[in-house]
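# Commentary on secondary and tertiary structure
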Amino acid sequence: MTAPLKHSDPVNVDVALGDRAYDIVIGRGVLASLGERVAALRPGVRTAVVTDRTVAKYWLEPTEASLAASGIPTSRIVVEEGEISKTYAGLEKVSEALIAAKIERNDLVIALGGGVVGDLAGFAAAILRRGVDFVQVPTSLLAQVDSSVGGKTGINSPQGKNLLGAFHQPVLVIADTAVLDTLSPRQFRAGYAEVAKYGVLGDEAFFSWLEKNHSDIFKGGSAREHAIATSCRAKAGVVSRDERETGERARLNLGHTFGHALEAATGFSDRLFHGEGVAIGMTLAAQFSAKLGMIGETEAARVERHLIEAGLPTRLQDIAGFAQEGLADADALMALMAQDKKVKRGKLTFILLEAVGRAVIAKDVEPAPVRDFLKEKLAQKA
Ligand SMILES: NC(=O)c1ccc[n+]([C@@H]2O[C@H](COP(=O)([O-])OP(=O)(O)OC[C@H]3O[C@@H](n4cnc5c(N)ncnc54)[C@H](O)[C@@H]3O)[C@@H](O)[C@H]2O)c1
Ligand SMILES: O=C(O)C(=O)C[C@@H](O)[C@H](O)[C@H](O)COP(=O)(O)O
Ligand SMILES: [Zn+2]
């Protein structure tokens, strides 16, 4: 872990992927430099900005102004906010709008928004004319620390999370920390789950720093920028070594086998945001690791305590409408987990903990102990 930044220093994190390497630029106010940076990267380019209605209200005009100041022609495509847009219908809408805007092979798609817009616009760019470059301008905490980096793009199927997609790296990421000032507190907290994930999975010193400083991240200032830069550095390192998740990248999926099943069980709705599912999933992964004797109960409790302190849900019973059919049913959750992309020859893979700060990939996990564990958790009092 490096020392916290001074508030005003923009920081560059390099995603070292050879001829597809790119910069993540992090700092207050860096959105204003978007046009200049795009013009330097792709002289003469035309762009289409894909965003959602809420983000458009706050941040579309400054984005377009920055592009216009550098003489970059642009069009806008605005989708509905939330997972409802990360669908076949959302993809059709964005793809047809990009075609109508005559975005050519050498033009650029700009994803201005949270993880939904980033995944959706990135996937549309990946398939448009068999591949157009794109820039990520992440506007949620979750997108700034995780989804804008690493090139996983895609949409959901009603049967599971991100089941259709492509690896397609952005050519630039501009993370302006000032845009987070308009994010709702619940969405900010949900994004914080992925920040904590980087500590829990690979950096005990960062986790310990988060335990002491998390409230400053919520307030803003240098702690926020430090948390974003540290998460991006961790992700950039993993992605540069294992871009397509043939090995260690799977560790970034800590909490997601449970979390994605819970998102599917709640219909990808506002009952459970992605980051909230990750918080519950990460707690379950820690508790399951303890049940298997890989870590002590106190370490699992340490993970849960921190997430609770950050205001996140950690128990299945914390999900709105928990008692509804499907969610309170271990077999239904097992069936959803069977669609996880880490499944190999029908066997589940879990990311488990050997310590706080050390996640490992557990392959060929037998379903019976997982089902028993879920039954135990589901039986707990609300
Ligand atoms: N590709 C990846 O590596 C990766 C990583 C993590 C998560 N994800 C995906 O990301 C998605 C979750 O992303 P998310 O949490 O950003 O959700 P999101 O994109 O739905 O954004 C959350 C909400 O906040 C609003 N919002 C975003 N920025 C705002 C701002 N600056 N001001 C005001 N409102 C703002 C949006 O309109 C939306 O309603 C999930 O679909 C998840 O699967 C992908
Ligand atoms: O970048 C990755 O790799 C991750 O696993 C990051 C996750 O936070 C993210 O939610 C990702 O979209 C999940 O990947 P998936 O392959 O399980 O869909
Ligand atoms: Zn995630």
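Above: the structure in question.
Below you will find a few notes about this structure. (Residues numbered from 1 in each chain as written. Chains lettered and ligands numbered in written order. Predicted model: local features only at pLDDT ≥ 70, side-chain atom pairs only at ≥ 80, totals over all residues. Heavy atoms only, no water.)

### Focus: the site of ligand 2
- Looking at ligand 2, there are 14 residues lining it, with Lys152, Asn162, Lys235, Arg249 and Lys341 nearest.
- One of the side-chain N or O atoms of Lys197 is found 3.0 Å from an oxygen atom in ligand 2.
- One of the side-chain N or O atoms of His274 is found 3.1 Å from an oxygen atom in ligand 2.
- Its free accessible area being 430 Å², ligand 2 has 91% of it covered by the protein chains.
- Of all the secondary structure elements, the ones that give two or more residues to the shell around ligand 2 are α6 (185–202) and α9 (256–265).
- When grouped by side-chain class, the residues that make up the shell around ligand 2 number one nonpolar, five polar and eight charged. (Near = heavy atom within 4 Å. Polar contact = N/O pair within 3.5 Å; in protein donor to acceptor, adjacent residues only side chain to side chain. Areas by Shrake-Rupley, 256 points an atom, 1.4 Å probe, with all protein chains shown as cover. Helix = DSSP H or I, 4+ residues; strand = E, 2+ residues; numbered from the N terminus. Nonpolar A, V, L, I, M, F, W, Y, C, P; charged D, E, K, R; others polar.)

### Some words on unusual backbone geometry
- One non-glycine residue with positive phi stands out, namely Asn162, at about 55°.
- Position of Asn162 among the secondary structure elements: in strand β8 (residues 160–167).
- Backbone geometry at Glu245 places phi at a positive 55°, although glycine is not the residue there.
- Mapped onto the secondary structure, Glu245 falls in the loop between α8 (222–241) and α9.

### What to know about the coordination of the zinc ion (ligand 3)
- Protein-derived ligands of the zinc ion (ligand 3) are Glu194 (OE), His256 (NE2) and His274 (NE2), with the metal-ligand distances lying across 2.0 to 2.2 Å.
- Read N to C, the donor residues that coordinate the zinc ion (ligand 3) are spaced as E-x61-H-x17-H. With Glu194 in helix α6 and His274 in helix α10 (residues 274–291), this residue pair connects regions lying 80 residues apart in the sequence.
- The exposure class assigned to Glu194 is buried, which follows from its relative accessible area of 2%. (Donors = N, O, S within 2.8 Å, 3.2 Å for Na, K, Ca; no water. Buried < 20%, exposed > 50% of the residue type's maximum accessible area, 1.4 Å probe, protein only.)

### Comments concerning the pairing of strand β6 (residues 133–138)
- For β6, the tally of buried residues reaches five of six residues, placing the bulk of the element in the interior.
- Examined bridge by bridge, strand β5 (residues 108–113) and β6 share six bridges and lie parallel to one another. Bridge pairing in β6 links Leu112 to Val137.
- In the classification by handedness, the crossover that spans β5, the intervening helix α4 (residues 115–127) and the parallel β6 is right-handed.
- Relative to strand β9 (residues 172–176), β6 is paired through two bridges, and the arrangement is parallel. When the bridges of β9 are listed, Val135 appears paired with Leu172. (Pairing = 2+ DSSP bridges. Right-handed = clockwise from strand over helix to strand, strands pointing away.)

### Focus on the nonpolar core
- Grouped together as the largest cluster of nonpolar side chains are 75 residues, with contacts concentrated most on Ile26, Leu34, Val135 and Tyr192.
- Ignoring any residue separated from it by four or fewer positions in sequence, one finds Ile26 in contact with Asp9, Pro10, Val11, Val13, Ala175, Thr177, Ile228, Ala229 and Cys232.
- In terms of nonpolar packing, the next biggest core, distinct from the first, is built from 24 residues, Phe258, Ala261, Leu272 and Phe288 among them. (Core = buried A, V, L, I, M, F, W, Y, C linked by side-chain atoms within 4.5 Å. Contact = heavy atoms within 4.5 Å.)

### Description of the packing of α6 against α10
- Contact geometry of α6 with α10 gives a least axis separation of 7 Å together with a crossing angle of 40°. Comparing their axes, α10 and α6 come out oblique. The element α6 and its partner α10 pack so that their crossing is left-handed. Where α6 approaches α10, its residues Arg186, Ala190, Ala193, Glu194, Ala196, Lys197 and Val200 are matched on the opposing element by His274, Gly275, Glu276, Val278, Ala279 and Met282.
- In terms of residue class, the contact of α6 with α10 is built from seven nonpolar, two polar and four charged. (Axes fitted to C-alpha atoms, helices over the stretch in contact; angles between N-to-C directions. Parallel < 35°, antiparallel > 145°, perpendicular 65-115°, else oblique. Left-handed = near helix turned anticlockwise from the far one by under 90°.)

### What about the pattern of salt bridges?
- One pass over the full model with this rule turns up 26 salt bridges.
- Residue Glu245 is joined to Lys152 by a salt bridge in which the shortest nitrogen-to-oxygen separation is 2.4 Å. Of the two residues, Glu245 sits in the loop between α8 and α9 while Lys152 sits in strand β7 (residues 152–157), which places them 93 residues apart along the sequence. (Salt bridge = Lys/Arg side-chain N within 4 Å of Asp/Glu carboxyl O.)

### Considering the packing of aromatic side chains
- All told, the structure shown has seven aromatic pairs when counted by the stated rule.
- On the numbers, 5.1 Å between centres and 55° between planes, the contact of Phe188 with Phe218 is tilted. With Phe188 in helix α6 and Phe218 in helix α7 (residues 204–219), this pair connects stretches of sequence that are 30 residues apart.
- Its relative accessible area of 26% is what places Phe218 among the partly exposed residues.
- Note on Phe288 and Phe350: the rings are 6.0 Å apart at their centroids and 55° apart in plane angle, and the pair reads as tilted. Taken as a pair, Phe288 in helix α10 and Phe350 in strand β10 (residues 348–355) lie far apart in primary sequence, 62 residues in all.
- On the basis of relative accessible area, Phe288 is assigned to the buried category, the value being 1%.
- You can call Phe350 buried: its relative accessible area is 1%.
- Through successive ring pairs, a cluster of aromatic residues spans Phe258, Phe288, Phe350 and Phe373.
- In this structure, Arg186 is placed above the aromatic ring of Phe273, and the distance from its NZ or CZ to the ring centre is 3.8 Å. (Phe/Tyr/Trp six-rings, centres within 6.5 Å; stacked < 30°, edge-to-face > 60°. Lys NZ or Arg CZ within 6 Å of the ring centre and 35° of its normal.)

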